[in-house]
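Residues per chain are reported as follows:
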Amino acid sequence: MAKAKRKFVCQQCGTVTSRWQGQCEDCGEWNSIVEEAAETVFSARHDLQGGGRSITLVGLDSQVELPPRTSTGIAEFDRALGGGIVSGSATLIGGDPGIGKSTLLLQAAARIAARGLSVAYISGEEAADQVRLRAQRLGLGNAPVQLASATSVRDILTTLGDGPPPALLVIDSIQTMHSDLIEGAPGTVSQVRASAQELIKFAKQRGTALILVGHVTKDGSIAGPRVLEHMVDTVLAFEGERSHQYRILRAIKNRFGGTDEIGVFAMVAEGLEEVANPSALFLTHRDETVTGATVFPALEGTRPVLVEIQALVVRLSSGATPRRAVVGWDSGRLAMILAVLEARCGLSFSTAEVYLNVAGGYRLSDPAADLAVAAALISALSERPVPADVVLFGEIALSSEIRPVAHAPLRLREAAKLGFNRALIPASAADGVKGIAVSGFKTLSQLVDQMLGRG
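Treat the numbers as computed from the prediction; the structure is a model and nothing was measured.

What counts and what doesn't
Residues numbered from 1 in each chain as written. Predicted model: local features only at pLDDT ≥ 70, side-chain atom pairs only at ≥ 80, totals over all residues. Heavy atoms only, no water. UniProt positions renumbered as here; feature names shortened; annotations may be inferred. Helix = DSSP H or I, 4+ residues; strand = E, 2+ residues; numbered from the N terminus. Salt bridge = Lys/Arg side-chain N within 4 Å of Asp/Glu carboxyl O. Buried < 20%, exposed > 50% of the residue type's maximum accessible area, 1.4 Å probe, protein only. Pairing = 2+ DSSP bridges. Axes fitted to C-alpha atoms, helices over the stretch in contact; angles between N-to-C directions. Core = buried A, V, L, I, M, F, W, Y, C linked by side-chain atoms within 4.5 Å. Contact = heavy atoms within 4.5 Å. Parallel < 35°, antiparallel > 145°, perpendicular 65-115°, else oblique. Left-handed = near helix turned anticlockwise from the far one by under 90°. Nonpolar A, V, L, I, M, F, W, Y, C, P; charged D, E, K, R; others polar. 1 Å grid on protein atoms, 1.4 Å probe; cavity = no way out; pocket = protein on both sides within 12 Å on 5 of 7 lines; lining within 4 Å. Points joined across faces, edges and corners; volume = space filled by probe spheres on them. Phe/Tyr/Trp six-rings, centres within 6.5 Å; stacked < 30°, edge-to-face > 60°. Lys NZ or Arg CZ within 6 Å of the ring centre and 35° of its normal.

## Digging into the UniProt feature "domain: RecA family profile" (unreviewed entry) in the chain
According to UniProt, the positions carrying the feature "domain: RecA family profile" (unreviewed entry) are residues 66-216. Taken end to end, residues 66-216 has its terminal C-alpha atoms 32 Å apart, with 38% of it in helix and 20% in strand.

## As for the pattern of salt bridges
Tallying each qualifying case throughout the model produces 11 salt bridges. With its nearest N and O atoms 2.7 Å apart, the salt bridge here joins R134 to E126. The pair R134 / E126 is uniform in exposure class, with both members buried. As a salt-bridge pair, E395 and R333 come within 3.6 Å of each other at their nearest N and O atoms. With a gap of 62 residues between them, E395 in strand 20 (residues 395-396) and R333 in helix 8 (residues 331-345) connect regions that are remote in the sequence.

## Observations concerning the pairing of strand 14 (residues 271-274)
For strand 13 (residues 262-268) and strand 14, the ladder comprises 4 bridges, and the chain directions are antiparallel. If you follow A266 over to strand 14, its bridge partner there is E273. Taking the residues between adjacent antiparallel strands as the criterion, strand 13 and strand 14 are bridged by 2 residues.

## Quick look at the sheet that holds strand 13
Strands sit in the order 8-7-9-10-6-11-12-13-14 across an open sheet of 9 strands; the sheet is mixed. On the outer flanks of this sheet lie strand 8 (146-149) and strand 14, each paired with one strand and no other. Taking each pair of neighbouring strands and ignoring which way they run, the sheet shows an average axis angle of 25°. Bridge count between strand 7 (residues 119-123) and strand 8: 4 bridges; the pairing is parallel. Each residue of the ladder has a partner; that of A120, found in strand 8, is Q146.

## A closer look at the nonpolar core
Among the nonpolar cores identified, the biggest contains 68 residues, and F296, L341, L364, L377 and L444 are the most heavily contacted of them. Top element by residues in this core is helix 9 (residues 370-382). It accounts for 10 residues. With residues near it in sequence (within four places) discarded, F296 still touches V305, L306, V307, I309, L364, D366, A368, A369, A372, L392, F393 and R411. Formed by 33 residues, the second largest nonpolar core is a distinct cluster that contains L104, V119, A135 and V170.

## Describing the packing of helix 4 (residues 153-161) against helix 5 (residues 189-206)
Where helix 4 contacts helix 5, the two axes come as close as 10 Å, and the packing angle between them is 10°. Judged by the inter-axis angle, helix 4 sits roughly parallel to helix 5. You can see that helix 4 and helix 5 cross each other, and the crossing is right-handed. From helix 4, V153, L157, L160 and G161 reach across to helix 5, where they touch S195, E198, L199, F202 and R206. Across the contact of helix 4 with helix 5, the residue classes break down as 5 nonpolar, 2 polar and 2 charged.

## Concerning empty space enclosed by the protein
By the definition in use, this model includes 2 cavities of 30 Å³ or more. Empty space within the largest cavity amounts to approximately 50 Å³. Around the largest cavity, the lining residues are R69, L81, G84, I85, V86, S89, T91, T234, N254 and F256. For the lining of the largest cavity, a count of residues per class yields 4 nonpolar, 5 polar and 1 charged.

## Describing the packing of aromatic side chains
One pass over the structure, following the stated rule, counts 1 aromatic pair. If you follow R411 out to its NZ or CZ, it ends over the ring of F393, 5.7 Å from the centre.

## Focus on the packing of helix 9 against helix 11 (residues 444-452)
Where helix 9 meets helix 11, the axes come as close as 11 Å, and the angle between the chain directions of the two elements is 35°. Relative to helix 11, the crossing made by helix 9 is right-handed. In this structure, helix 9 contributes L371, A374, A375, I378, S379 and S382 to the contact, and helix 11 contributes L444, L447, V448, M451 and L452.

Printed below as a string of structure tokens:
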């Protein structure tokens, strides 16, 4: 019998090598390569063109009914999922430690169980008594949720297979699960893959909605290679800073709905509370106008969220190298906006320190924020405040052209609903919305001239 070959697998990117080494050659991570048992390889001498069963092929135009959904009882959670939990689906939710993943799932499980549906909550990290104590703190102690503390996938599936399948199965977390069919410690690539595969197979066959909790790395991405994200139907990211009150549940992948939808929550003493008006979290209520502050209507999926962008420009009298610090936005994009303001608009930031912050701990990736950032910088440099009833959005090109952005009417309607009276936007999108006056600009120079009172 041939001797099994040794195999070493990187726990970050999944690269397979024949020997151990301190650093992975593909992803560059240190001490991430672990020896794993060699998998059984099907012999290439077998002919796969016969001996199988025929499969049914259907046309693309076949009628398909929309999958039935079960509401979690939490509107913001349902919004991120696309309308609710689909029976037989597998959902992966990841987030930083202590961000509120277990709290959210326990609240959702309790509300689903309160409607008479069977719910099983399996914790591999905490004892059942610890989960029960948390439920009591949240006021959910009387919810008919079935709790267990286990890490063996075989034990879990054997127990659930004895009776009617639950409507919802929560596994907290998949990195603690262990399959005795695979050698290796829990959390390794092979164990996570094998455990998830068995749990997903059970969910598909029995019609149980499965939710897996996943650990994340220091940069916020789900730990391990993306094989787990490919296996599930929906991937949700639970974001937010532990020092801030808000939490955002963001859909990254959704086979049953749209992506980039978000649910917004606030962490309170009773657990996670839904936020019907997210803009209230990210807007600063000022009694008087302040230089360097602008309001930008960001778009998360189909939901506009108004956030405040704050800039501070400090002149340096010495010959020290000026500093640029950014919180909540891309530092490279800030450098580009500063370059356009200097090269195209005649403003000098070379002898000044620049600080940029998105209020409330919000993180922006929308290029439509360019115009609001530029206006905040101009206001801070010139010490001329932007009126408090104005919103701005638009993408800035290197030629200083202000380019149109997606869903301008939706952004304007949200701003008008919250009491803003004027909007400074790209000229090509200046059709306007009832209730808000619109001023269009073709280039950034035109905005600079208006703000500084030139010509």
